[in-house]
Amino acid sequence: MLAYVVRRLLLMIPTLLGITLLVFMLLALAPGGIGAGLTASSGQVDGSKLALQQAYLEDRYGLKDPVLVQYGRWLARIAPIKFGTPDQITLAGEHKSKPRAIDAPPLPEWFPLSDAAIAARDAATLKRGVVAAINETEREDAQRAYRRLETDYVSSRAAYRALTKKLGDELIEYAIAQQISGVRTSHGDCRFDVIATTPAKRDASNWAAIEALATQIDAAYIRALKSYQLIDVAFAAKPFREAGVAIVPGVISIGSPDLGVAFSKGRPSSVLIASALPVTILLNVIAFPIIYLIAVPSGVLAAARRGKWFDILSGGLFVALWSIPVVWSGVLAVGYLASNQYVGAFPVAGLHDSLADSWTFLPSFRDDGAFERGYLLDLFWHICLPVACLVYTGFAILAKQTRAAMLDNYSADYVRTARAKGVDRGTVAVHHVFRNSLLPVITVFVTVFPATLAGSIVIERIFSVPGMGSLLLEAITNRDRELVLANTFMVACVNLLALLLADILYAAADPRVSYE
Amino acid sequence: MSTSPDSAPLLEVRNLAVSFENSADPSSRVQAVAGVDLSVWPRQTLAVVGESGCGKSVTAMSTMQLLPRPPARYDCGEILLDGEDLLKRSERDMLAVRGSKIAMIFQEPMTSLNPVYTIGDQIIEAILLHQHVSHRQAVEIAIQAMNDVGIPKAEERIRAYPHQFSGGMRQRVMIAMALACRPRLLLADEPTTALDVTIQAQILELLRELQRTRQMGIMLITHNLGVVAENADVVCVMYAGRVVEYANVFDLFDRPLHPYTRGLLKSIPSLHDAKHRLTTVDEVVRDPNEFRKLAGFEKGVVPWWPETPAEARPLGVPGQPAYRLHEIEPGRWVGCWMSEHLEAHPSRKPNLEFRRNDLGVVSGAAAI
Amino acid sequence: MTSKRPELRVISGIDAMRGVGATEPKGFWADAWSRVLGRTGAIIALGWIGVIAFLAIFAPLLASGHPLVLTDTATGTRSWPLFDNLSASDLLLVIGAVVGVPWVSFPLRIARSTRLAALLIAGLQAGLTVVASVGVAEWFGSPARDLALRQASREAWFAWAASGGVALLFALAAMFVSPFASRAARLVQVLIVAALCVVCLSQRWTPALVDVDRYSELEASGAATAIYTLVPWSPTQGRTSLNLVPPGTRLADKLPAFEGTVPGERRFVMGTDNVGRDALSQMLHACRLSISIGIVSTGLAVLIGVSVGALMGYFGGKVDLIFFRVVEIFMAIPVLFLLIVAAGVLPRNTYVMMAIIGCVTWTGAARFTRAEFLKLRSQDFVQSARAAGLPLRSILFRHMLPNGVTPVLVDSSFAVAAAITFEATLSFLGLGPEGQPSWGQLLASATGATGLFNWWLAIFPGLAIFLTVLSYNVLGEALRDAIDPKLRKAAQ
């Protein structure tokens, strides 16, 4: 059995790979590609700042690379086995990876590096001073120092990139004027290598601008290079805790997946998911026992009284319930039961009252005799309507499957044998028929669980419950790629684990299934 | 009540009629059994022979009230076990009969065992229902039962699941389960039809052995005349819910009286005669001369057959059913059309205390 | 002794085995269909679906802001704005329904199934022609093209040429699929359809931009009189001053300028939504979205699923292993999650939505088909076909597919219900097709940002979704009980 579980867990990996690849490709299909959301969420109005922001994002996420390369990079971050220098984790849970080197300025054939730049590139003396300085300070100061250096690094790198992009735009115009073809890529970037093969025409209209930009680039390169060297040393001094456990130090390590930073919220995705996932799981974990406790007995009863009024009534009721879309029941529940216009007996939104944190856990009476709900009861009161809207869909599938399985098994040969042995009707129903009917009932879990999980998206939106569903909706609206991917990944994990659980339960229930 | 167990029939079926709702045509009912008389004595094997649909399984299942009502209905008749009418018992009282006084084994050993419980559990379930023993003692009894039916390594295999057994072994498990409480009567509904021929022989021999050691009566339902010839003491041939012939096995095979029985026997290919065509049952029963061969034909003793043309039938007796099982010779009954002659000469119900081993004939050597 | 009930016939067991006394058996599908029709629930469900289909086809004629007849009071000239503003697809749908229903129902010499198949093929041909023409028009008219091309695409001759070309293309394709035996009949069918398409399309190549409010102003000022259709509002016609108006309000109640005039007396029978558009008009037009999404998505899902499943089931081995991983990938995440991600990033129009729902929900059909094919593969008739040397295609389509597709067809009604629910959910979440009225979208306006509950936007659209989904589910249940032999046996 253990071997089976391990095998299934290993088989989950290609499935997870597949689903994340699928979602990644979908996001890449979006008009504007993966970068569209990033620029949209920056919210900057100023043109030059927008260019800066765009350059930073493109650079950081490698948005100009082919889609598969980007996917590979994301995968490398997610994978628990990491190669190369391990990341470091800040207290807030954000991953900091080794700073990337600065690329040399483009078009060295036309604009060779200045001497200062060459000197900066080869400077080694700088490093020693920085190391000494950093080793002397306390750890917290080291973190603050790192952050300062990081800001400097990021901004200088972004500026350098922005200037490079501007140069690219100018060169594209130059190419159009000079009728050099094949310079412009589909993204609108400039292919410097194509330009490099042509001779420089100094009499072009924008040549002055090009030259000015080249000089600025050189200066920016030097600045960026210097800040890179500083931060590189600072990183190597390990101001933060190292992520994961090193197997071969500096080469292979095992660590937790880095789910990235949700740039629409500016916080690490793992933190957001860590607060949203328990909510969704709570909703579903409460919903499932209720579904089973109501649906299975009614299925059994309907099978025992086939054709009688209970069977027909419950069958019709469940089909009707199944047909009520969750969007409608949620809206009706909020509108009629929760809002103050009508009944107003339930809370409208959220999982907790705004004062809930100050309450005790269990219900109690305050000093002046007034009843205080307490944290637990408040939670249940808030969760009532969302769970009610979540469970009724599952009734129909489960009850119908139970009934069908029971009816199937009632006419089985071994039931005839049992009756011939002298087993009474009740024991036959429970001990023989129901026990065999458990098998399809467990199998149906595989259908009901994803359906309930999906239903909780809508419920979370309608009732403003901060779970994985509403997180996903926000991420989609903001085109937040990292968050969408992280969210999908976690939901897929949860779903697959639940299905695995169902399979294990089935194996325990059916001795015919062999797992050797 | 009998004084000695051997002096009265174990089971007597008197005039049993069972009908079903017809799902294909709700305006009609299917009369599966239309007036059946038979009896089984202790240590006797009664073979009930007939084609599909003749009512043999329904008769057997009726003895234990195993048919679901509705759609089944017991129209009339009695089933006497040791003199008591089983059809009058309530469901709760029947629980004490099933498995302990009468046991039944079925045709499909593959599906007749519950797949999710071990065979030990299933045999012990039967034991604990009818015997006041502790669980450990029940295990002992189960192991003994498994040994009795020839299942090797019973102590290990008692924890095995049905799907881990072969077909023949599963049938042995069924027999062990059925006999764990030492029933007096065993109903075997085509127990070997789904098995290989070699396994068939083993199972039947097992049944004969168990019958000998336990003084059990067996009602063996089959459509295989070879099985009948080897294993039966008394034969009851059924057609369309009625008994057409009832006799001991040697008499039946020697000199069948009813045209249908003759047709069945003639249609078996013989190693001795070289024929171009096999005789079909249809040929025999459509030939009016066959019906005339019965002794007493001129007096109005006409073998009953549903497709007999109206002019060939004797004049019936108003107020009486059209069919009667009549004792033509001592120990031989034939189903006949009711006529005034039969009305005037009532005969007793089929009751044949005959066992082939009593004659000293070793079973297996066909004296046919 | 037999006991007889006086009113019942009695047959013996042997006769029952031989089938004597059983009712006359029909063909498999005729038998199943008559069983379905025997249940009242299924009849009512079919009735409701028929109503929705009717509304879907005739919606532009039932609810439009364009008047049927506009009479200028001064000159007395009449114009027919409604007719002038019908789009090509609207026109074709109406013509198709008006011609098609008698074509299929009247007793003619040609077999009904052939006529139905011909109608479906004609519909498919017309539909594809319209879609392709719209695509061509958009492609030529998009800002990425050169100015010259864009201007050319607005000319009249271009409309004829483009629609003619596309129509010819699909007419050719339809020639192969047409169910008629004789070449002449096929030619007649495809040419009629193609001609109709070309005429309708070329007349309505570019949609006219008409401000519908203009009519009520003309009426109010007395410059013209108009006769409207049943619901005198267009689904896209809205004013912010008419936001969230409860049912039964008159136009004049919200816009005092119209007090005392004819247009002022017109009521919003089901209220308005959050941008002032009439809810009833939107609901009528949304019927089209529901029906088309339900059927097209399910058709697509069945197509993909059956193909993949058949391949998996027939070949087994490596092919099965690989494709089953693909099926598992789609099953790894709940369908709605994938739909939300897809709908969130892809362009928001009806065709894209149909495509994504179809491409995500195919796994059910695939698994059914795979199971059936695996079962059939080992059956004797397939073995004998292979032994006889029949080509794979023939075995798959002629022998295995008709048998293996039954569970998929039984499930298809449920699949349509699920597709409609998905569309409603996506529209509710704001991810539905833009510019197209939808029940889910109306539902989303029910709980406003201000916390007020607009009950008319919750009850009516929700009821519409509920009844439609319920009808398909009930129909599916009836179909399943009629076809599934195991359930039939258990019911006996």
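Just so we're clear, the structure is a prediction, and the values are computed from it rather than from any experiment.

Peer 1: Looking at this structure, how should I read the overall build of chain B?
Peer 2: What chain B contains, in helices and strands, is 13 helices and 12 strands. In terms of overall dimensions, chain B is globule-like: its C-alpha atoms have a radius of gyration of 21 Å, near the 21 Å expected for 368 residues. Along the three orthogonal principal directions, the C-alpha set of chain B runs to about 65 × 50 × 50 Å. Relative to its 368 residues, chain B shows a buried fraction of 57%.

Peer 1: Can you walk me through the environment of Arg-8 of chain A in this structure?
Peer 2: Residue and element names in this part refer to chain A. Turning to its location among the elements, Arg-8 is positioned in helix α1 (residues 2-29). Residue classification places Arg-8 among the partly exposed residues on the basis of a relative accessible area of 21%. Leaving out residues up to four positions away in the same chain, Arg-8 has contacts with Leu-499, Leu-500 and Asp-503.

Peer 1: For this particular structure, what's the right way to read unusual backbone geometry?
Peer 2: Excluding glycine, residues mostly carry a negative phi; peptide bonds, for their part, are mostly trans. Residue and element names in this part refer to chain B. Positive phi values are uncommon outside glycine, yet Gln-215 reaches one of about 60 degrees. Assessed through its relative accessible area of 44%, Gln-215 is described here as partly exposed. In this structure, Ala-240 takes a positive phi of about 50 degrees despite not being glycine. Counting through the fold element by element, Ala-240 comes out in the loop between β9 (234-239) and β10 (242-248). For Ala-240, a relative accessible area of 5% puts it in the buried group.

Peer 1: Looking at this model, I keep getting lost on the packing of aromatic side chains. Mind explaining?
Peer 2: Summed over all chains, the structure comprises 27 aromatic pairs over all chains. Through a chain of ring-to-ring contacts, three or more aromatic side chains come together here, namely Phe-24, Tyr-71, Trp-74 and Phe-489 of chain A. The positively charged end of Arg-435 of chain A is found above the aromatic ring belonging to Tyr-117 of chain B, 5.8 Å away from the centroid. Taking NZ or CZ as reference, Arg-214 of chain C lies 5.2 Å from the ring centre of Tyr-215 of chain C, over its face.

Peer 1: Any chance you could explain the pattern of salt bridges here in plain terms?
Peer 2: For side chains of opposite charge, pairing can occur when their charged atoms come near one another. Enumeration according to the criterion identifies 34 salt bridges over all chains in this entry. With a shortest N-O distance of 2.8 Å, Arg-403 of chain A and Asp-311 of chain A are connected by a salt bridge. Of the two residues, Arg-403 of chain A is situated in helix α13 (residues 375-410) and Asp-311 of chain A in helix α11 (residues 309-323); the sequence distance between them amounts to 92 residues. For Arg-403 of chain A, a relative accessible area of 22% gives the class partly exposed. The salt bridge partner of Asp-90 of chain C is Arg-288 of chain C, with a shortest N-O separation of 2.4 Å. Residue Asp-90 of chain C is located in helix α5 (residues 88-105), and its partner Arg-288 of chain C is located in helix α12 (residues 279-315); the two are separated by 198 residues in the primary sequence. Given the relative accessible area of 12%, Asp-90 of chain C is considered buried. Within the structure, one salt-bridge network assembled from shared partners comprises Arg-77, Arg-481 and Glu-482 of chain A.

Calculation notes
- Residues numbered from 1 in each chain as written.
- Chains lettered and ligands numbered in written order.
- Predicted model: local features only at pLDDT ≥ 70, side-chain atom pairs only at ≥ 80, totals over all residues.
- Heavy atoms only, no water.
- Helix = DSSP H or I, 4+ residues; strand = E, 2+ residues; numbered from the N terminus.
- Rg over C-alpha atoms; globule rule 2.2 N^0.38 Å.
- Buried < 20%, exposed > 50% of the residue type's maximum accessible area, 1.4 Å probe, protein only.
- Contact = heavy atoms within 4.5 Å.
- Phe/Tyr/Trp six-rings, centres within 6.5 Å; stacked < 30°, edge-to-face > 60°.
- Lys NZ or Arg CZ within 6 Å of the ring centre and 35° of its normal.
- Salt bridge = Lys/Arg side-chain N within 4 Å of Asp/Glu carboxyl O.

The values reported here are purely geometric and, on their own, carry no functional implication.
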